[in-house]
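Now for the letters of each chain:
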Amino acid sequence: MKVMGVFDEMLKSGESLFMDPVALDYDYLPKLIPYREKEQRQVALCIKPLFGNRNGKNVLVHGAPGIGKTAAIKHIFRELEDKTDDIIPIYINTWQKNTTYQIVVEICDQLNYKFTHNKKTEELFAIVQKDLNKKSVVFCFDEIDKVEDLDFLYMILEKLYRKTIILVTNYKIWAVNLDERIKSRLNLESLEFQKYNSSELKGILHERLKYAFVPNVWDTAALEMAVRKTAVVGDVRTGLYILREAGNNAENRSSRKIEIDDVKHAISSISEIKIKKTTELKDEEQMVLKLIKDNSGKKIGDLFNIYKEQGGEGVYKTFQRKIEFLSKNKFISTKKQLGGNEGTTTLVNYERETKLDEY
């Protein structure tokens, strides 16, 4: 029997454990979106009237981050593009394009109209209107809670004939604050995406493994640990990060196998990134974070007053954006509160996020 030498267990130059690392990107769109068939059917039913040249239904898609909302919608859009040229799908992330002007320019871009320079919003939308009213259109506005104004929704509701509008957010409560004129015209259906359970997360990660890694490079116990840690967080993005980093760790030591220590190192690096990010905050963001730490649980309006008393120079809208940035990056948590004399308000809490390697 041939005895394996120490060099036989090492990767040779040019060899890799990865077959297609892109499959570990969260934005990667697999051929199938597992465990979201029911939600996709409900969205499809909202779009279905457009196939009969009738107006579609509008829907608010909501649920926690990292549970497949965006991927499910993009998968439906891909199917639409394959099935018909008479229904135009337009996807816009409103964290990146957060004003009516930026959104209308982006619609023009997706319709291949490039002459947007020096034109006002109304002029550009007139061009959009003329083009889209020849067919039907499905809009998806992702992270809709990040928009600065909703004029584009007024325009779409009033001036486009056959459309379905899909609004995606992590916060169902966002729709409560909508202007009544928009709310009544939208007549939104509600579709909640529930968090994946442990079995579903395991299935998703195993499916990505098939595309991302060379077969049989994962030690069974190491993979089980990666799945367990992902289940604790309930966020697919965390699991994909662990798989990628564990693979990189194994390659860095020229191993042909991804083992438990590689997974432990990947988990630990998530915690280190979190700590590093805190030190990389700008001075003004550090100030706001400390203010929240010292006044955790207060309303955002009260925090802004304290901020001004302590010499903060930004206006309320700027302060609000800093709160949103800190919340998105998980330095703090925010919670909408309904009712009371002040109507809807936001409570802000300083919550140290438990590190994955502390579970």
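Scroll up a little and you will see the structure.
Here is what the cut-offs are and how they apply
- Positions within a chain are numbered from 1, following the residues in the order the chain's sequence is written.
- Totals for whole chains, interfaces and linings use every residue, but because this is a predicted model, local features are given only for residues with pLDDT of at least 70 and side-chain atom pairs only at 80 or more, for both listing and counting.
- Only hydrogens and water are set aside when side-chain values are computed; all heavy atoms of the structure are taken into account.
- Secondary structure follows DSSP: runs of H or I at least 4 residues long count as helices, runs of E at least 2 residues long count as strands, and numbering of each begins at the N terminus.
- Buried residues are those whose accessible area, probed at 1.4 Å on protein chains only, stays under 20% of the maximum for their type, while exposed residues exceed 50% and partly exposed ones sit between those limits.
- In this description, contact between two residues means that some pair of their heavy atoms is separated by no more than 4.5 Å.
- Surface accessibility in these figures is a Shrake-Rupley result with a 1.4 Å probe; residues are shielded only by whichever protein chains are displayed.
- Both site types are read off a 1 Å grid over the protein atoms alone. A 1.4 Å probe that fits but cannot get out defines a cavity, while an open set with protein on both sides within 12 Å along at least five of seven lines defines a pocket; lining residues have an atom within 4 Å of a point.
- Grid points are joined across faces, edges and corners, and a volume is the space filled by probe spheres set on the points.
- Ten residues, namely Ala, Val, Leu, Ile, Met, Phe, Trp, Tyr, Cys and Pro, are considered nonpolar, four, namely Asp, Glu, Lys and Arg, are considered charged, and the remaining ones, Gly among them, are considered polar.
- In the sections that follow, a salt bridge refers to a side-chain nitrogen of Lys or Arg positioned within 4 Å of a carboxyl oxygen of Asp or Glu.

The next point concerns the overall build of the protein chain. Looking only at helices and strands, the protein chain has 13 helices and seven strands in total. Counting over 359 residues, the protein chain shows a buried share of 44%. In the protein chain, of all internal contacts separated by at least 6 residues, the share reaching a separation of at least 24 is 71%. When the accessible surface of the protein chain is totalled, it reaches about 19,700 Å², and 49% of it is carbon and sulfur.

Another aspect to go through is the layout of surface pockets. By volume, the second largest pocket is sized at about 290 Å³. Forming the walls of the second largest pocket are 13 residues, and the residues nearest its centre are Gln40, Ala44, His75, Ile76 and Glu79. Looking at the lining of the second largest pocket, the elements with two or more residues in it are α1 (37-47) and α2 (69-83). A breakdown of the residues in the lining of the second largest pocket according to their chemical character gives seven nonpolar, two polar and four charged.

All right, on to the pattern of salt bridges then. Counted according to the given criterion, the structure contains 15 salt bridges. Put simply, Arg253 and Asp262 hold a salt bridge, and the shortest N to O gap is 2.7 Å. What makes Arg253 partly exposed here is its relative accessible area of 39%. Owing to a relative accessible area of 4%, Asp262 belongs among the buried residues under this scheme.

With that settled, the discussion passes to the side chain of Lys146. Looking at where Lys146 falls in the secondary structure, it is placed in the loop between β3 (136-142) and α5 (151-159). The exposure class assigned to Lys146 is buried, which follows from its relative accessible area of 13%. Sequence-distant contacts of Lys146, that is, excluding residues within four places in its chain, are made with Thr94, Trp95, Asn98, Tyr171 and Glu324.

Shape descriptors only; they carry no functional weight alone.
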